[in-house]
Amino acid sequence: MGVVAEAWTWLTTGANWTGETGVWHRLGEHLWFSGVCLVISCLIALPLAFWLGHIGRGGALAVNLSNVGRAVPTLAVLVLLTLTPLGRQSGIPTIVALVLFAVPPLLTNAYLGMREVDRAVVEAARGMGMSGGQLFRTVELPLAFPMVLTGLRMASVQVIATATLAAMAGEGGLGRIITAGFHTYDTAQVFAGALLVGALALLVEGVLVAASRVLVGHGPNGRRRTT
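Now for a description of the structure that goes with this document.

Cut-offs applied
- Residues numbered from 1 in each chain as written.
- Predicted model: local features only at pLDDT ≥ 70, side-chain atom pairs only at ≥ 80, totals over all residues.
- Heavy atoms only, no water.
- Core = buried A, V, L, I, M, F, W, Y, C linked by side-chain atoms within 4.5 Å.
- Buried < 20%, exposed > 50% of the residue type's maximum accessible area, 1.4 Å probe, protein only.
- Helix = DSSP H or I, 4+ residues; strand = E, 2+ residues; numbered from the N terminus.
- Contact = heavy atoms within 4.5 Å.
- Axes fitted to C-alpha atoms, helices over the stretch in contact; angles between N-to-C directions.
- Left-handed = near helix turned anticlockwise from the far one by under 90°.
- Nonpolar A, V, L, I, M, F, W, Y, C, P; charged D, E, K, R; others polar.
- Salt bridge = Lys/Arg side-chain N within 4 Å of Asp/Glu carboxyl O.

Some details on the nonpolar core
As a rule of thumb, soluble globular proteins bury nonpolar side chains together. If you look at the biggest cluster of nonpolar residues, it comprises 26 residues, and the most contacted ones within it are Cys37, Leu46, Phe50, Leu107, Ala110 and Val159. Counting only elements with at least two residues in this core, the list comes to helix H2 (23-55), helix H3 (59-71), helix H5 (92-115) and helix H7 (132-162). Ranked by residues supplied to this core, first place goes to H5 with ten residues. Beyond its immediate stretch of four places on either side in the chain, Leu46 contacts Ser41, Leu106, Ala110 and Val148. Grouped together as the second largest cluster of nonpolar side chains are 16 residues, Ala7, Val23, Leu27 and Val204 included.

A short note on the packing of helix H4 (residues 74-82) against H5
The description of two helices packed together rests on the angle between their axes and the distance between the axes. Packing of H4 against H5 leaves a shortest axis separation of 9 Å and a crossing angle of 145°. The element H4 and its partner H5 pack so that their crossing is right-handed. On H5, the residues that touch Thr74, Val77, Leu78, Leu81 and Thr82 of H4 are Pro93, Thr94, Val96, Ala97, Leu100 and Phe101. Taken together, the residues that form the contact of H4 with H5 break down as eight nonpolar, three polar and no charged.

Considerations on the pattern of salt bridges
Evaluated as defined, the whole model comprises two salt bridges. Close ionic contact of Glu29 with Arg26 constitutes a salt bridge, the shortest N to O distance being 2.9 Å. Residue Glu29 and its partner Arg26 are both found in helix H2; the two are separated by three residues, about one turn of the helix. Salt-bridge contacts for Glu205 lead to Arg153; the nearest nitrogen and oxygen are separated by 3.3 Å. Here Arg153 lies in helix H7 and Glu205 lies in helix H9 (residues 187-216), a separation of 52 residues in the sequence.

See below:
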C-alpha cells in the first residue's frame, strides 16, 4: 500500500502536471505520437484490406505477412531503427515501429470484415446492375464497418500502450515519466506513470466502444440491432 499511496501523492501534486516535464505536456506528446501512427497505419492497411477483400484474392497472404510483424518485438525494431540513418530523424524510428505494430490488426479485421459479407447479398447487388464501386460503397463497406471499428479499437489501445517505448529513443510521451522515475529510483513516479498509461488506454477503449455502438448499433452480443 505504501507505493500506491506515494503514487497517489505524486499524481495529486500540481507541480507534476505542469511544465515541459509535466503530465499534461507528456500526455500531449503521447497522443500526438499515437494519433500520427494510427493515421499512417490506417492509410496503409485499410485501402489494401478493402481492395483485397473486394476482389477476393491475395488477402490471406497479405494478412499472414502483416501478422509477421506481431512476432517481432516492437522494442527490438525501435532499437534497430535508431541505429540506422533513420535514427537521426527525430520521431521517425518510433513512428515506423508503432506503424508496423498497428498495421496487422487493422488489415486483418478490415479484410475479414469484407470477406464475411454475405455472398448472397453481394450477388444480389451485382444482379441489380451495381458497379464494383457502388457495390463496395453501398453493400460491402457498411456491412464490414463493425469489423473495421474492432480493428481500429485494437490498434488504438495497442499503440497507446506501446508508445511508452518512445522514451527509449529519447522521444516524449508518458513513457518519459516512467523512465525518469527509473533514473531517480522513484518507484512512486514509475507506478504513477504506468497508471497514467493504463488509464489512457482504458479511456480510449471505452470511447471507441461507445462510438462503435452509436455508429453501428451493436448490442452486447455483437450483432446488429433490428429495433
